[in-house]
Amino acid sequence: AGVVDLVGAGSCCFYLERVCMKVKAIVLAAGQGTRMNSPLPKVMHPICGQPMVCILLKSIENCAISDITVVVGPDMDMVSKAVHPYPSVIQHDRLGTAHAVLAARSAIQPFDGCALILFGDSPLIQPKTLLRMIGKYQSGVDVCVLGFIPEDPRRYGRLIMGPDGLEGIVEYKDATDEQRAIKLCNSGFMCVNGRHLLPLLEQVQNQNAAGEYYLTDIVALARKAGLKCDVAIGDVDELHGVN
């Protein structure tokens, strides 16, 4: 039985502690509140009376994961205090999602296990979905991307599937018309083999329309290295971000 099956059976506490003790979570929380016309950091805006990043942390904790690192921006002491006792690291320049994860370099030195990469401004994801991603890793997948199929795919990145799994991710602004017609979209959440995450990130380049270092580029790099990539499907209602 997989992790999700055990969770559904309600008999998983010991099992989860045993399985998840080698899981690390990296939470990206460096976004500013500019588009919200607010001086608050984006992840500090409250939902039901608590900062949205704290709601995400609770979901991670409910998976029996306690190795959590939060990536914040400069002058975001408010966020660091809110996520305490979990450590925070600073992304001094906002150069993209891969660059943000690299800010947590000390936490992602190659290790035997997997790393969940999550977004502090998308707090609705449920523990069962995080465990589904971990289950993919346990089945032999090196890079698992959480995908979803919204009614209106809008400007989401698209997941390019092939006969043996996920072949790549293309950002909307870089996609062709044919790729934009794909319904399967990228949520941004990933689960990556801890032995490969840092070496993959160090290969990411910024030759794209935005001039940023995209985390999504690690899929093509992993495929080139002969690693297995695949998708777990998430519930659209869990993947709404504050944007």
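Residues numbered from 1 in each chain as written. Predicted model: local features only at pLDDT ≥ 70, side-chain atom pairs only at ≥ 80, totals over all residues. Heavy atoms only, no water.

(A) Up close: the pattern of salt bridges. Taken as a whole and assessed by the stated rule, the structure comprises 8 salt bridges. Look at the salt bridges and you will find they share partners, linking Lys 22, Asp 112 and Arg 195 into a network. (Salt bridge = Lys/Arg side-chain N within 4 Å of Asp/Glu carboxyl O.)

(B) Fine view of the pairing of strand S4 (residues 67-72). Within S4, 5 of the 6 residues are buried, which leaves the element mostly enclosed by the surrounding structure. Bridging between strand S1 (residues 23-28) and S4 involves 5 bridges; their strand directions are parallel. Residue pairing across strands places Ile 26 opposite Thr 69, the latter belonging to S4. Here S4 pairs with strand S5 (residues 88-90) via 3 bridges, running parallel. Paired with Val 71 across the strands is Val 89, a residue of S5. In this view, the connection linking S4 to its parallel neighbour S5 by way of helix H4 (residues 77-83) has right-handed handedness. (Buried < 20%, exposed > 50% of the residue type's maximum accessible area, 1.4 Å probe, protein only. Helix = DSSP H or I, 4+ residues; strand = E, 2+ residues; numbered from the N terminus. Pairing = 2+ DSSP bridges. Right-handed = clockwise from strand over helix to strand, strands pointing away.)

(C) Structural detail: unusual backbone geometry. That bond from His 84 to Pro 85 is cis: its omega, 15°, falls within 30 degrees of zero. Within the secondary structure, Pro 85 sits in the loop between H4 and S5. Here the phi dihedral of Ala 64 falls at roughly 65°; this positive angle occurs in a residue that is not glycine. The class for Ala 64 is partly exposed, based on a relative accessible area of 30%. Phi angles above zero are rare outside glycine, and Arg 154 is one such case at about 45°. Secondary-structure assignment places Arg 154 in the loop between strand S7 (143-148) and strand S8 (158-162).

(D) Structural view of the environment of Leu 197. By the secondary structure assignment, Leu 197 is in helix H8 (residues 197-201). Note on Leu 197: relative accessible area 0%, which makes it buried. In this structure, the C-alpha to C-alpha distance between Leu 197 and Ser 80, residues 117 residues apart in sequence, is 24 Å. If we ignore the near neighbours within four places in the chain, the residues touching Leu 197 are Ile 108, Ala 115, Ile 117, Val 192 and Ile 218. (Contact = heavy atoms within 4.5 Å.)

(E) Geometry of the packing of aromatic side chains. Inspection of every chain in the model, using the stated rule, returns 2 aromatic pairs. Seen from their ring centres, Phe 119 and Phe 189 are 6.0 Å apart, and the 80° between their planes marks the pair as edge-to-face. Placement of the pair is Phe 119 in strand S6 (residues 114-119) and Phe 189 in strand S10 (residues 185-193), with a sequence separation of 70 residues. In terms of burial, Phe 119 and Phe 189 fall into one category: buried. If you follow Lys 24 out to its NZ or CZ, it ends over the ring of Phe 111, 4.4 Å from the centre. One Lys or Arg, Arg 180, reaches over the ring of Tyr 172 and ends 4.0 Å from the middle of that ring. (Phe/Tyr/Trp six-rings, centres within 6.5 Å; stacked < 30°, edge-to-face > 60°. Lys NZ or Arg CZ within 6 Å of the ring centre and 35° of its normal.)

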